[in-house]
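For reference, the chains in residue letters:
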Amino acid sequence: MLKRGLKGTYVSVEPFHLDRYVGEQVFRYNNRATKDNPLDDSDRFMLAMSQIVGKRLTYAELTGKVGETTA
């Protein structure tokens, strides 16, 4: 599923972001709708939002430019 997502949805993936793509696919797989766990998109969205409270990702962290200085 990761391979299909990387080739289909995310056509340009930087190697230092690969762990985030893997994390997203793991979340999707672990929270998929099953017979025992009937989830829909709104349930998954609320679950994801509850897990990001208190976490912050800055642009510098996202682009890998943490600690760089501009001249």
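Scroll up to find the structure this text is about.
For the structure given in this document, a descriptive report is provided here. Here the structure is a predicted model, which means the values were calculated and not measured. (Residues numbered from 1 in each chain as written. Predicted model: local features only at pLDDT ≥ 70, side-chain atom pairs only at ≥ 80, totals over all residues. Heavy atoms only, no water.)

This part takes up the pattern of salt bridges. Going through the model one piece at a time under the given rule, you end up with two salt bridges. Note that R28 is salt-bridged to E24, the shortest N-O span being 2.8 Å. Taken together, the residues span about one helical turn, with R28 and E24 both in helix 2 (residues 18-30) at a distance of four residues. The class for R28 is partly exposed, based on a relative accessible area of 45%. Of the residues examined, E24 reaches a relative accessible area of 27% and is grouped as partly exposed. (Salt bridge = Lys/Arg side-chain N within 4 Å of Asp/Glu carboxyl O. Helix = DSSP H or I, 4+ residues; strand = E, 2+ residues; numbered from the N terminus. Buried < 20%, exposed > 50% of the residue type's maximum accessible area, 1.4 Å probe, protein only.)

Scanning all chains against the criterion turns up zero aromatic pairs. Directly above the ring of Y29 sits R32, whose terminal nitrogen or CZ lies 3.9 Å from the centroid. (Phe/Tyr/Trp six-rings, centres within 6.5 Å; stacked < 30°, edge-to-face > 60°. Lys NZ or Arg CZ within 6 Å of the ring centre and 35° of its normal.)

Attention now goes to the environment of R4. When you line up the elements, R4 lands in helix 1 (residues 2-8). A residue is classified by how much of its surface remains accessible, and R4, at 62% relative accessible area, is exposed. Sequence separation between R4 and V22 is 18 residues, and the spatial gap between their C-alpha atoms is 12 Å.

Now for a nonpolar patch on the surface. On the surface, F45, M46, M49 and I52 cluster together into a nonpolar patch covering about 410 Å² of accessible area. For M46, the position within the fold is in helix 3 (residues 41-51). According to the relative accessible area criterion, M46 is exposed, its value standing at 55%. (Patch = residues over 30% accessible without salt bridge, like charges linked within 9 Å, V, L, I, M, F, W, Y side chains within 5 Å. Areas by Shrake-Rupley, 256 points an atom, 1.4 Å probe, with all protein chains shown as cover.)

Function cannot be inferred from these measures alone, as they are strictly geometric.
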